[in-house]
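Residue-level listing of the chains:
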Amino acid sequence: MNVGILGTGNLAVALGRAWAPAGHSLFVAGRDPLHSKEAADQIGPMAKAVDPTELATQIDVLVVAVAWEGLEAALSLVGAPEGSLAGKAVIDCTNPVDYTTCELKPTSGSAAALVAHTATGAHVVKALHLFAGASWPYVGPQESAPVVAICGDEPSALDRAAALIQDLGARPAVVGGLSSARQLEEAAGFVMRVVAAGYNPRLAVPDVDPALLRAAQTTD
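Residues numbered from 1 in each chain as written. Predicted model: local features only at pLDDT ≥ 70, side-chain atom pairs only at ≥ 80, totals over all residues. Heavy atoms only, no water.

Q: Explanation requested: the overall build of the chain in the structure shown.
A: Counting secondary structure elements, the chain contains eight helices and eight strands. Once the C-alpha set of the chain is aligned to its principal axes, its extents read approximately 60 × 40 × 35 Å. Relative to its full complement of 220 residues, the chain shows a buried share of 44%. The long-range share in the chain, meaning contacts at least 24 apart out of those at least 6 apart in sequence, stands at 68%. One way to put it: in the chain the 13 positive side-chain charges average out to a point 3 Å from where the 22 negative ones average out. (Helix = DSSP H or I, 4+ residues; strand = E, 2+ residues; numbered from the N terminus. Buried < 20%, exposed > 50% of the residue type's maximum accessible area, 1.4 Å probe, protein only. Contact = heavy atoms within 4.5 Å. Lys, Arg positive; Asp, Glu negative; His and termini not counted. Charge placed at Lys NZ, Arg CZ, Asp CG, Glu CD.)

So this is what it looks like as structure tokens:
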């Protein structure tokens, strides 16, 4: 798969490094050409730094890994408002949470909704905003692999996102359409609040086995 990475920070590099061994060709773009080249060099020989204006023509899917404050500007760099990403899967990894208050910065909607509004004709999927770059790749037992909740409206885009998530060693879980994105983004704020209180967020939600629930329902 030809994967575009919009962003040059830690998450962008970590995702690129994890995807490169799976055989994906990676195209990195950002505001600063020097930073793009540095990020591509860190990812390795499967990655190439490209001019933002040329990114859309070379990729099958775009992964957006930028800060909330620079989201619209980054999408404009690649021509998204003009339809350069029309028909393409766009995976939004933006974490729009205020680290001080743990509340979402957008007062309504979601970062993913902003991407969909800005990137004319793109098929947006919300994914990977809950996990730090250091989480990838996951190489432990599959039964303990991280579950990455994703949402989107276009089945083919969800399929592409799911495939890339599996290549990270994780398990994708489709939890709804793009209207569910705000709930997913708020989950990041919840995690931060639990961590700030001094606890492990893994222990802050019930341990529920869906298989046991289904078994119980069939015996009722």
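Q: What's the story with unusual backbone geometry in this structure? I'm lost.
A: Residues apart from glycine generally show negative phi values, whereas peptide bonds are mostly found in trans. In this model, Trp 136 is joined to Pro 137 through a cis peptide bond whose omega is -5°. Along the polypeptide, Pro 137 turns up in the loop between β6 (123–126) and β7 (147–152). Residues other than glycine seldom take positive phi values, yet Cys 102 does so here, at roughly 65°. If you trace the backbone, Cys 102 turns up in the loop between β5 (89–92) and α5 (111–118). Even without being glycine, Leu 128 reaches a positive phi, approximately 70°. Topologically, Leu 128 is positioned in the loop between β6 and β7. Judged by its relative accessible area of 2%, Leu 128 falls in the buried class.

Q: Please clarify how the environment of Ile 43 should be interpreted in this entry.
A: Tracing the chain through its elements places Ile 43 in helix α2 (residues 33–43). Residue class for Ile 43 comes out buried when judged on its relative accessible area of 10%. When the C-alpha positions of Ile 43 and Arg 17 are compared, they lie 4.8 Å apart, and in sequence the two are 26 residues distant. Leave out the neighbours within four places in its chain, and Ile 43 touches Ile 5, Ala 12, Val 13, Gly 16, Arg 17, Leu 26 and Val 28.

Q: How do you make sense of the pattern of salt bridges when you look at a structure like this?
A: Pairing is possible between side chains of opposite charge, provided their charged atoms come close. Taken as a whole and judged by the stated rule, the model has six salt bridges. Linking Asp 92 and Lys 126 is a salt bridge whose minimum nitrogen-to-oxygen distance equals 2.7 Å. Placement of Asp 92 in strand β5 and of Lys 126 in strand β6 is noted, with a sequence separation of 34 residues between them. On the accessibility criterion, Asp 92 (0% relative accessible area) is buried. One salt bridge in this structure joins Arg 182 and Glu 186, with 3.4 Å as the shortest N-O distance. Here Arg 182 pairs with Glu 186, and both are found in helix α7 (residues 181–196), just four residues apart, close to one helical turn. Residue classification places Arg 182 among the partly exposed residues on the basis of a relative accessible area of 23%. Bridged by salt links that share partners, the residues Asp 92, Lys 126 and Glu 185 form one connected network. (Salt bridge = Lys/Arg side-chain N within 4 Å of Asp/Glu carboxyl O.)

Q: I'm lost on the packing of helix α1 (residues 10–19) against α2 in this one. Help?
A: In a packed pair of helices, the relevant descriptors are the angle between the two axes and the axis-to-axis distance. Viewed as axis vectors pointing N to C, α1 and α2 meet at an angle of 35°, and their least axial separation amounts to 8 Å. In the crossing of α1 with α2, the sense of the turn from one axis to the other is right-handed. On α2, the residues that touch Ala 12, Val 13, Gly 16 and Arg 17 of α1 are Ala 39, Gln 42 and Ile 43. When the residues that make up the contact of α1 with α2 are grouped by side-chain class, the tally is four nonpolar, two polar and one charged. (Axes fitted to C-alpha atoms, helices over the stretch in contact; angles between N-to-C directions. Left-handed = near helix turned anticlockwise from the far one by under 90°. Nonpolar A, V, L, I, M, F, W, Y, C, P; charged D, E, K, R; others polar.)

Without other data, these values stay purely geometric and don't point to any function.
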